[in-house]
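For reference, the chains in residue letters:
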Amino acid sequence: MAAHGAHPPGFAHQFETVTQQREAGTLGMWVFLVTEILFFGGMFTSYIIYRSLHLQSFIQGSHELIVRYGATNTAVLIFSSLTMALAIRTAQTGKSKGQIIFWLILTMILGASFIAIKLRFEWYRDYVEGLIPGVSWLDGGTHTPGVKMFMCFYFFMTGLHALHMVVGLGILTVLVIMTARNKFSSQYYAPLEISGLYWHFVDIVWIFLFPLLYLIGGRY
Amino acid sequence: MGLIQSGLGSLAAMIPLQPPAASTTAAGIDNLYLVLSGITAFFTVLIFSIIFVFMIKYRRRSDDEKSAATHTPLAVELTWTIIPSLICAVLFVWSAALYVQNGRPPASSTEIFVIGKQWMWHLQHSEGPREIDELHVAVGVPVKLTMTSQDVIHDFYIPAFRVKKDVLPGRFTSLWFQPTEVGTYHLFCAQYCGTNHSEMIGWIYVMTPTDYAAWLAGGEKTESLAQQGERLFTQFGCNSCHTGDATAHAPSLAGLYGKPQKMANGETRIVDESLISQAILVPNSVHLPSYQAIMPTYQGQIDSDQMVRLIAYVKSMSSEERNGK
Amino acid sequence: MSTATADLHDAPAEPGVNYLNASYGIRSWLLTFDHKRIGLLYLASITIMFVVGGVAAMLMRIHLIEPQGALFEPETYNKMFSTHGIIMVFFFLVPSIPATLGNFLIPLMIGARDVAFPKLNLMSWYIFITGAALALYATLSGGVDTGWTFYPPYSSHYSATNVTIVALGVFVAGFSSILTGLNFIVTIHKMRAPGMTWFRLPLFIWAMYATSLIFVLGTPVIAITLFLLGLERVLHVGIFDPAVGGDPLLFQHLFWFYSHPAVYIMILPGMGVVSELITAFSRKKIFGYSFVAFSSLSIAVISFIVWGHHMFVTGQSIYAGLVFSVLSFLVAIPSAVKVFNWTATLYRGSISYEAPMLYALGFIGLFTIGGLTGLFLASLATDVHLNGTYFIVAHFHYIMVGGAVMAYLGGIHYWWPKISGRMYPDLWARISAAIIFLGFNLTFFPQFMLGYLGMPRRYAVYPAEFQVLNVMSSAGASILGIGYVIPLVYLIWSMRYGPVAGPNPWKAKGLEWTIPSPPPTENFEEIPIVTEDAYNYPVAEAHKYPDAPGVARV
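Attention in this report is confined to the structure presented alongside it. In this numbering scheme, every chain counts its residues from 1 along its sequence in written order. Here every chain gets a letter starting at A, and every ligand a number starting at 1, in the order they are written. Owing to the predicted nature of the model, reporting of local features is limited to residues with pLDDT of at least 70; listing and counting of side-chain atom pairs is limited to 80 or more, with chain, interface and lining totals taken over all residues. For the side-chain quantities, the full set of heavy atoms in the structure was used; hydrogens and water were omitted.

Where helices and strands are cited, they refer to DSSP runs of H or I of at least four residues and of E of at least two residues respectively, numbered from the N terminus. Take the number of residues in a helix, subtract one, and multiply by 1.5 Å to get its expected span. In a regular helix each residue adds 1.5 Å, so 36 residues correspond to 52 Å; helix 1 (residues 18-53) of chain A covers 52 Å between its end C-alpha atoms and thus fits that length. The principal kink in helix 1 of chain A, of about 30°, is found at A:G41. To get the bend at a given residue, fit one axis to the seven residues ending there, fit another to the seven starting there, and take the angle between those axes.

Here it is as structure tokens:
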């Protein structure tokens, strides 16, 4: 047992050892991600059912989306997962806090870019064109009830995802502050790792969303 | 003694144990119910008695008394796992067989359309008469109900016949029964549907065939359901596209009902009431192979009463007819 | 021998200092991270919700004395039964044992100082309170009349009541469940004391673990379902609206995908409690430990694949009906196994009849009836007749009230000395247990009969021929209500005036009984090292019991 008085930074007293704490934290994050899978899963299931029932409408609706923005965002997020992993690696190898913060901030910039691209080039355009059900929907032409259903799913799913991104940005902010306050070292960087799991999960959800929403029906 | 007997007798009269059994399928369900009750009673009494005996025999007699050691022979665990499993297997098979059998209406069934709406039932005979919250039928004649809702989910329940089925908006469900006893029986809505759910009730009148024929003939003269549907077919302009010609933009409807229809995504659906109503109300969701999406939607223009008439008309179009009528 | 690594652990326990008096003041309770205090915060909150739901039930039963309704217009009655269901399911039954007894006991039973994430634990409580406040606000400011099942299109396009607010309240409370389940899973995996292997865990822990699996896997689905329903109601977009190609049955599938496992959330912890009570009050090791443990896990798993039995009369395909029917029969088997194992535990035990044991025995009897009546509903042919009637109402009340609530009360009584340091008056406790048992049966047995006769549920008015059974049921409900009020009175009384209880008034096995009553904040002075199985009660010599033919040797 560790000698009395040797409290590693961040040690929580309900645990007996640092190892126990780290394992508990990691397991906790994995269990949380499982709940997130079930949460998004309900929507994905509904999406799959309606897509098979209304395929033509979904193809039509998908063609209202702009693939190059979705593809750019996919690249942005994948790259942000890389920078996040590098932040963790930097901490693991005992580099300076400045370097850790560099990668964290880069991750945040990429995440923010994702949201900015969505808002400015996609959602704002959808708003102007009357493609947001319940907010700015305009009937007529290609805006059939089936397309309205598709756009519902598009906004519900990408909206929920964007919300998770924003939460992720909040978490990253907290991590930056913690790093700046010297909380982490090569011995202790569990919060970075656990937050990394969350960030990668949000990335993976997008990897599923992109083809399901943007690439239906082919058009090339 | 006689007093007790008559007391119990009147108590029994006040508390009936089962509803009247007035359809061909009721007895089968009642038998299964009886067996299930017997199994429930048996295991309840078994567990209660064993516990009762143990409670007395093994009550603690002194505070330092010790219990016997616990051994868990696998044979015991397997026995009381396997025996209930076998009982359940038998019950499942018996019940499933009944259910499947009871799900098949005889081909000779009289067809009646039912529309549920907050908070009443419209029952529409094919010959034309319409009833509200009441249904007259002949004893011994099978009846098939094809049902839809105008608004929310309802449920059509006749306890005496042991039949029940949800009634859904936007599609049709069906149930059938064959009454065996002349009489008057409850009709209930059994899916909560809003404020007056408990008042969406009515009566089923089972009559002798002669009385039924008299009842059918006695009301005010109306056209048959299909004839009314034909007039609506013209009124709503359906005949302008569905002319029955090979050159028409819209498919011919003659002889279509009941046939399998291939859809654009490769799946095959039977042309039933639900598909027809879907095609009229949400045409863009019915993707035929030559999908062109030019049929206008009649959502909000055709209510359920009109819908059943149109469907009756489509059903009536035999394959010999061309050009509508 | 020192096992401690932090100040908290090293401080020698001051005599007389326990988790209740270690600090005073509202802030020390509202900002506590101590799992025991959080358990009590939950206890207070869910008791309030139980009273609200119970008052609704009382008013309903009084109303139903008359065929034309004795108290309300149908609109108000509909709000009553909806409130009763929503509050009782989401704000009482689902949290009841897990959030109160689970929070309090899990660390104690496994030999830990707290749960894995104490701050998350407190946050769970605040989330629960927020959800409950939203639901109460919705109830008091106009009510909801959709039933706890919220079926569209009624709930999305037709009901003019506070559906969205209540759905939001349930959505929020769902996150409380998810975080509690997460906490318990990690705690049980990672914080067991040395020597506490999985198969030495008390069965209450196995039951809580299985429950937590359902919390974590099922609750997110109801969250997304209610979220979609709320959006549908507010934005009129058409996911469940047939007019634009939506499907009201999709809602039912999504809803029941959670709500069926949810009923196992409501009963599994009770089964765990009963395992503890039966062993403690017969001073005997459980019969078939691993069978009981694995039955909890199998119930949790199978519970996810039976939801379609709520939809047998919706017009779904015959094949779906067959599959869900056979699986629903399957899920009954592990429950039956438990009942047999509990009964066999009594055999050659040394049995005493304090109130907790009476509740446990009552549970076994009433759960047996409730569970067996489930077979009527798993069976396709009979379910057609019984669905949507009072038979269903009787079935689930036998399990939820005759089962879960009795187990909850039994557990509260059993662990009350540990929680409060005081004993309650056992005579009053036994009297109320008897009143509850009698009142309960009088309330709900007539409802089985009403269901078979054809009386549909959720009816504000009913045909006169059903009146006698309804009056019997209402009479029973009054008795039941009295039975519930009495423990409230004497338990509160005992907190101040009850005799002081020692560490182990029941002479039971279990780590929670090795520490003082009430426990110190840090639970254990030293983390114990576990060397024995659960329920390792001392065993009698062979000669104390006469030989009987076919009896297992001692």
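The next subject is the sheet that holds strand 5 (residues 143-149) of chain B. All names here are of chain B. In short, DSSP must find at least two bridges between two strands for them to pair. The five strands are arranged 3-2-1-5-8 in an open sheet whose pairing can be described as mixed. Across the chains shown, the open sheet's two edge strands, defined by having one partner strand only, are strand 3 (130-132) and strand 8 (173-177). The average undirected angle you get between the axes of adjacent strands in this sheet is 25°. Examined bridge by bridge, strand 1 (residues 110-117) and strand 5 share seven bridges and lie parallel to one another. Bridging from a neighbouring strand, I112 pairs with L145 of strand 5. Every axis corresponds to a line fitted to the C-alpha atoms, with the helix fit spanning only the stretch in contact, and the corresponding angles, defined between N-to-C directions, vary from 0 to 180 degrees.

Turning our eyes to something else, we now look at a nonpolar patch on the surface. Residue and element names in this part refer to chain C. A surface patch of nonpolar side chains, amounting to about 600 Å² of accessible area, comprises V51, V55, V485, L488, V489, I492 and M495. Mapped by element, the contributors of at least two residues to the nonpolar patch are helix 3 (35-63) and helix 17 (467-497). A per-element tally of the nonpolar patch places helix 17 first, with five residues. Three exposure classes are used, based on accessible area relative to the maximum for each residue type with a 1.4 Å probe and protein chains only: buried under 20%, partly exposed in between, and exposed over 50%. The partly exposed category is assigned to V485, whose relative accessible area is 47%. Residues enter a patch when their relative accessible area is above 30% and they make no salt bridge; the linking distance is 9 Å between like charges and 5 Å between nonpolar side chains (Val, Leu, Ile, Met, Phe, Trp, Tyr). What sets the accessible areas is the Shrake-Rupley method with a 1.4 Å probe; for residues, cover comes only from the shown protein chains. Any carboxyl oxygen of Asp or Glu within 4 Å of a side-chain nitrogen of Lys or Arg constitutes a salt bridge here.

Let us now look at the interface of chain C and chain B. Often, the extent of an interface is quoted as the loss of accessible area upon association of its parts. Whether two residues are in contact is decided by their heavy atoms, any of which lying within 4.5 Å being enough. Taken together, the contact pairs 99 residues of chain C with 85 residues of chain B. Buried area is calculated as the accessible area (1.4 Å probe) missing from two parts once they are joined, with the contributions of both summed. At the boundary of chain C with chain B, total buried surface from both sides reaches about 8200 Å², with 69% on carbon and sulfur atoms. Three residues, C:F340, C:Y452 and C:Y459, lead the burial of chain C against chain B; their summed loss comes to 9% of the area buried on that side. Linking chain C to chain B there are three salt bridges. With a closest N to O distance of 2.8 Å, B:R171 and C:D247 form a salt bridge. Contacts described as polar in this section are N or O atom pairs within 3.5 Å, which, within protein, must combine one atom able to donate a hydrogen with one able to accept it, while residues neighboring in sequence count only if both atoms come from side chains. Counting across the chain C and chain B interface gives 34 residue pairs in polar contact (both at pLDDT 80 or more). Sorting the residues of the side of chain C that touches chain B by element identifies helix 4 (74-93), helix 7 (154-158), helix 10 (248-282), helix 12 (318-346), helix 13 (355-378), helix 14 (380-386), helix 16 (426-453) and helix 17 of chain C as the ones contributing at least two each.

We now examine empty space enclosed by the protein. All names here are of chain C. Method remark: on a 1 Å grid restricted to protein atoms, a set of points is classed as a cavity if a 1.4 Å probe fits but cannot get out and as a pocket if it is open with protein on both sides within 12 Å along at least five of seven lines; lining residues have an atom within 4 Å of a point. Grid points are joined across faces, edges and corners, and a volume is the space filled by probe spheres set on the points. According to the stated counting rule, one finds seven cavities of 30 Å³ or more in the structure shown. The wall of the largest cavity is formed by 17 residues, among which F90, V94, P95, A173 and S177 lie closest to the centre. Taken together, the elements giving at least two residues each to the lining of the largest cavity come down to helix 5 (96-110), helix 8 (163-190) and helix 9 (203-235). The element contributing the most residues to the lining of the largest cavity is helix 8, with six residues.

Residues and elements named next belong to chain C. Interhelical geometry of helix 3 versus helix 4 gives an angle of 150° and a closest axis separation of 9 Å. On the basis of the axis angle, helix 3 is roughly antiparallel to helix 4. Of the two elements, helix 3 crosses helix 4, and the hand of that crossing is left-handed. Between helix 3, through I46, M49, F50, V52, G53, G54, A56, A57, L59, M60 and H63, and helix 4, the contact on the second element is made entirely by Y77, M80, F81, H84, I87, M88, F91 and F92. Only Asp, Glu, Lys and Arg are considered charged, only Ala, Val, Leu, Ile, Met, Phe, Trp, Tyr, Cys and Pro nonpolar, and every remaining residue, Gly among them, polar. Residue composition of the contact of helix 3 with helix 4, by class: 15 nonpolar, four polar and no charged. An angle counts as roughly parallel when it lies under 35 degrees, as roughly antiparallel when it exceeds 145, as roughly perpendicular when it falls between 65 and 115, and as oblique in every other case. With the far helix as reference, a near helix turned anticlockwise by less than a right angle produces a left-handed crossing, and one turned clockwise produces a right-handed crossing.

Glancing now at the pattern of salt bridges. Throughout the structure, instances matching the rule amount to 19 salt bridges over all chains. The partner of A:E122 in a salt bridge is A:K118, with the nearest N and O atoms 3.1 Å apart. You can see A:E122 and its partner A:K118 sitting in helix 4 (residues 97-129), four residues apart, about one turn around the helix. Taken individually, A:E122 and A:K118 each receive the classification buried, so the pair is uniform in this respect. By sharing partners, the salt bridges in this structure join B:D63, C:R283 and C:K507 into a single network.

Turning next to the environment of B:E77. Tracing the backbone shows B:E77 in helix 3 (residues 74-102). Along the sequence, B:E77 and B:P296 sit 219 residues apart, while their C-alpha atoms lie 65 Å from each other. Those residues in contact with B:E77, other than ones at most four positions away along the chain, are B:T72, C:F287, C:G288, C:F291, C:V337 and C:N341. Only 3.2 Å separates the side chain of B:E77 from the side chain of C:N341, close enough to count as a polar contact.

What follows covers the sheet that holds strand 10 (residues 202-207) of chain B. Residue and element names in this part refer to chain B. Pairing within the open sheet is mixed, and its five strands lie in the order 4-10-9-6-7. Two strands close off the open sheet at either side, each with one partner strand: strand 4 (134-138) and strand 7 (163-167). The mean inter-strand angle of the sheet, taken between neighbouring strand axes irrespective of direction, is 20°. Here strand 9 (residues 183-189) pairs with strand 10 via five bridges, running antiparallel. For G183, the partnering residue across the bridge sits in strand 10 and is V206.

Take unusual backbone geometry next. Note: most residues except glycine have negative phi, and most peptide bonds are trans. The step from B:Q118 to B:W119 runs through a cis peptide bond, and the omega angle for that step is -10°. The residue B:W119 is located in the loop between strand 1 and strand 2 (120-125) in this model. At the junction of C:S517 and C:P518, the peptide bond is cis and its omega measures out at -10° in the coordinates. Residue placement: C:P518 occurs in the segment after helix 17. A positive phi is found at C:F150, a non-glycine position, where the angle reads about 50°. Position of C:F150 relative to the elements: it lies in the loop between helix 6 (118-140) and helix 7. Notably, C:R348 is not glycine yet its phi reads approximately 60°, a positive angle. Position of C:R348 relative to the elements: it lies in the loop between helix 12 and helix 13.

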